[in-house]
Amino acid sequence: MHGNSGVGMSVNQKVAIFGTGKIGADLLAKIVRSTGVECVAFIGRRVDSPGVQFANSKKVPVFFNGISEIEKFKDSIDWVIDATSAKSHIATMPRLAELGLNVIDMTPSGLGDPFSPLVDTELVSRKGNYHVNLMTCGAQVSVPFVHTIGSIAEIEYIESIANLSSESVGPATRINIDEYISTTEKALALYSGAKRVKAIMIINPAIPPIPMKVTLFARFAGAGPSQLMRSKIAENLNQTLENFRKIVPGMSFPHAPYFEENYLKVDIQVMGSGDFVPTHSGNLDVLTSTALWLIRQSTKDR
Amino acid sequence: MTKPEFKIYDVTLRDGNHALRHKLSLTAAINYAAKAAQCGIDYIEVGHGNGLGGSSVLVGESAHSDRDLISAVRNAAPSATLGVHVMPSFATISRDLIPAIDLGVDVFRVAAHCSEADTTQTQIEFLKSRSVGVAGTLMMISHLNVAELIIQARKMVQYGAEAIIFMDSTGSLTPSDVAELISAAVSDLGVPIGFHAHNNLNLAIANSIQAVNSGAYSIDASICGLGAGAGNAQLELLVAAFEKSKMNTGVSVNEVMRLSINSLITEFIATPPAASPYTALTGINNLFSGFLPIIQKYSAAYNVDIVELITALGGLDLVAGQEDQIESVARHLPKND
């Protein structure tokens, strides 16, 4: 599938980014300020897009001929990040697989291995042959927490509500809300073990834009977990947050998770680091931060 | 009777479900739908208050599934036009729309917060391709001015919406606001226009009559006003008011009064909604009417002043579905002495 290519031998990881929209440009901005990672190709469609102008200002090579650009210098690329659309990723992926490149898919294509950095530790340690899918912003934020809860108590039902600022939700997402919901629901079920799941996306047009927030409701069977288990859940959720903040420093609990009847409610706020997209767009930042983290992590302990 | 030039759309079994905390029983739905159809009510909408897929901890869990409610009403009122409310935040094509089509729903009203019409494109286009009735619905319309609303509505018409429904979900509009909006929509959009009132300022009937006088084709109403917050335009009173003005609704006055009297004494409408200082406050603060029970709950739980809480929430431009923000705001307000 992915040939024999591991992550490149050089410590400097060479990255090509497909898609010069907000997500592609935010990842580029993060790479530009990082050591050990270099963007060798920023591949888009529109010469005058803000992302392309940003790349030009940072002297990053920009191309407009899609995958054929990659083929020209495939030997000097370690990673391809696809920040285009699910449709485009499905069309491009077979060729990327033939070229044996590591791929991080930021679209909800459903291809590749679902990836959550705090849970899929065996994927992180694979150190090569990656084709990972970052699912959705809501799934990225929810998964480590629902996995933490589900590891301690049996969850009967889990619900994840993403509150997003209208400004941060681009045209592709707006016509793909169905895919957002179904991909997020699959992730909730896969990582929490819950029998029933629900994902909801709320878009808020307020100015100034609201920071990204995810609310989780977990319901347990019967009267819910014992007092001891509740303490354990609270403790482990705090630990998960602490670990997550190493990847997304602007993530926080506006208030501590709490039990009400047989529900647990967890509110998670995600402020981005404000690289290309504004800080309130935590929904985009969680994806770009996770992608960069994986690339950097893969070169450690070699 | 002559053919009506406008229609009353009965949203008792959908918006009314907000007032029942989404616990509408199958028996009540079946009894009500059968009698409503006998009164001459043609359009009957059913479901969770937030529409298909709305059942959730966030906004309230339904007593019965969408499937069961739709089947029950379809069987009870086989000749009525059966409608559902759809919000892409909650409903998806495969999980919700396709099963509803298969169960015999006639009209889908695909709804978005008034500034986010482009979130409805995929579902409107899909429904259009399946040859069912599809309307575009703009909710919370007090958040935008008329020109902005028309721009959003045009998008829905482009996607294929066969009618546009304007929902004053916050109950904030006055009759002159309604006249301005509906006249502009009728002259600009080229499709039938509907209006959906909430009674926060006790203006639901006045606003609905104004909407018809300004050219609206459909008026949403519910028996006993059953709906979110202060409720909707009270259907039986609206029929009576139109009768007085010699405007034919196609609904029998005496029969609809009987329907209301009977509905009141059944278990399904214990306390009819009413305008109050609380609904007036949510209305003038542009807050979704359905928030009120949750606002009252957390005002009591955190011992905070309800006027302060409503005013604080009003500053946040919240949309329907942000019920989870109410608790967060209440938690951080100063406590009552």
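The rules behind the values
Residues numbered from 1 in each chain as written. Chains lettered and ligands numbered in written order. Predicted model: local features only at pLDDT ≥ 70, side-chain atom pairs only at ≥ 80, totals over all residues. Heavy atoms only, no water. Helix = DSSP H or I, 4+ residues; strand = E, 2+ residues; numbered from the N terminus. Expected span 1.5 Å × (residues − 1). Buried < 20%, exposed > 50% of the residue type's maximum accessible area, 1.4 Å probe, protein only. Arc of directions from axis to C-beta. Contact = heavy atoms within 4.5 Å. Buried area = accessible area lost by both parts, 1.4 Å probe. Salt bridge = Lys/Arg side-chain N within 4 Å of Asp/Glu carboxyl O. Nonpolar A, V, L, I, M, F, W, Y, C, P; charged D, E, K, R; others polar. Phe/Tyr/Trp six-rings, centres within 6.5 Å; stacked < 30°, edge-to-face > 60°. Lys NZ or Arg CZ within 6 Å of the ring centre and 35° of its normal. Domains from an automatic or database assignment. Polar contact = N/O pair within 3.5 Å; in protein donor to acceptor, adjacent residues only side chain to side chain. Pairing = 2+ DSSP bridges. Axes fitted to C-alpha atoms, helices over the stretch in contact; angles between N-to-C directions.

1. Here we look at helix α7 (residues 175–189) of chain B
Residue and element names in this part refer to chain B.
Phase 1: If you check α7, its first and last C-alpha atoms are 21 Å apart, about what 15 residues at 1.5 Å a residue would give, namely 21 Å.
Phase 2: Buried within α7 are the following residues: V178, L181, I182, A185 and L189. End-on view of α7: buried residues confined to an arc of 90°, all on one side of the axis. Every exposed residue of α7 that faces more than 90 degrees away from the buried side is listed here: S176 and S187.
Phase 3: For α7, the elements touching its buried residues are α6 (146–159), β6 (164–167), β7 (193–196) and α8 (204–213).

2. Quick word on the interface of chain A and chain B
Phase 1: The interface of chain A with chain B comprises 34 residues on the first partner and 37 residues on the second.
Phase 2: Taking both sides of the interface into account, the surface hidden between chain A and chain B amounts to around 2600 Å²; carbon and sulfur atoms contribute 46%.
Phase 3: At the boundary of chain A with chain B, the tally comes to 6 salt bridges.
Phase 4: For the salt bridge of E61 of chain B with R219 of chain A, the shortest nitrogen-to-oxygen distance reads 2.9 Å.
Phase 5: Counting residues per element, the ones that place at least two in the side of chain A that touches chain B are β8 (155–165), α8 (177–192), β9 (196–204), β10 (212–220), β12 (258–260) and β13 (263–270) of chain A.
Phase 6: In terms of residue count, the dominant contributor to the side of chain A that touches chain B is β9 of chain A (8 residues).
Phase 7: Residues that form the side of chain A that touches chain B fall into these classes: 18 nonpolar, 5 polar and 11 charged.

3. A look at the packing of aromatic side chains
Phase 1: Counted by the stated rule, this structure contains 9 aromatic pairs over all chains.
Phase 2: An angle of 25° between the planes, with centres 6.1 Å apart, marks the rings of Y298 of chain B and Y302 of chain B as stacked. This pair shows no difference in class: Y298 of chain B is buried, exactly as Y302 of chain B is.
Phase 3: Pairwise contacts between aromatic rings join F145, F244 and F253 of chain A into one cluster.
Phase 4: In this structure, R230 of chain A is placed above the aromatic ring of F259 of chain A, and the distance from its NZ or CZ to the ring centre is 4.4 Å.

4. Focus on the domain arrangement of chain B
Residues and elements named next belong to chain B.
Phase 1: Assigned domains of chain B: these are domain 1 (7–267) and domain 2 (277–332).
Phase 2: On a C-alpha basis, the centres of domain 1 and domain 2 stand 24 Å from each other.
Phase 3: With 20 residues of domain 1 in contact, the opposing surface of domain 2 contributes 19 residues.
Phase 4: For the pair domain 1 and domain 2, the summed buried area comes to about 1500 Å², and 62% of that belongs to carbon and sulfur atoms.
Phase 5: Considering only the side of domain 1, the residues that lose the most area to domain 2 are L58, H143 and N200, jointly responsible for 30% of the buried surface there.
Phase 6: If you look at where domain 1 meets domain 2, you find 9 residue pairs in polar contact (both at pLDDT 80 or more).

5. Considering the sheet that holds strand β1 (residues 13–18) of chain A
All names here are of chain A.
Phase 1: Across the sheet, 7 strands lie side by side as β3-β2-β1-β4-β5-β7-β6; this open sheet has parallel pairing. Strands at the two margins of the open sheet, each flanked by one partner only, are β3 (62–63) and β6 (113–114).
Phase 2: Sheet topology places strand β2 (residues 37–43) next to β3; 2 bridges connect them, and they run parallel. Residue pairing across strands places I43 opposite F63, the latter belonging to β3.
Phase 3: This element, helix α1 (residues 22–32), spans β1, β2 and β4 (79–82) of the sheet and lies at about 150° to β2.
Phase 4: Helix α4 (residues 86–99) rests against β1, β4, β5 (102–105) and β7 (131–133) of the sheet, and its axis sits at about 170° to β5.

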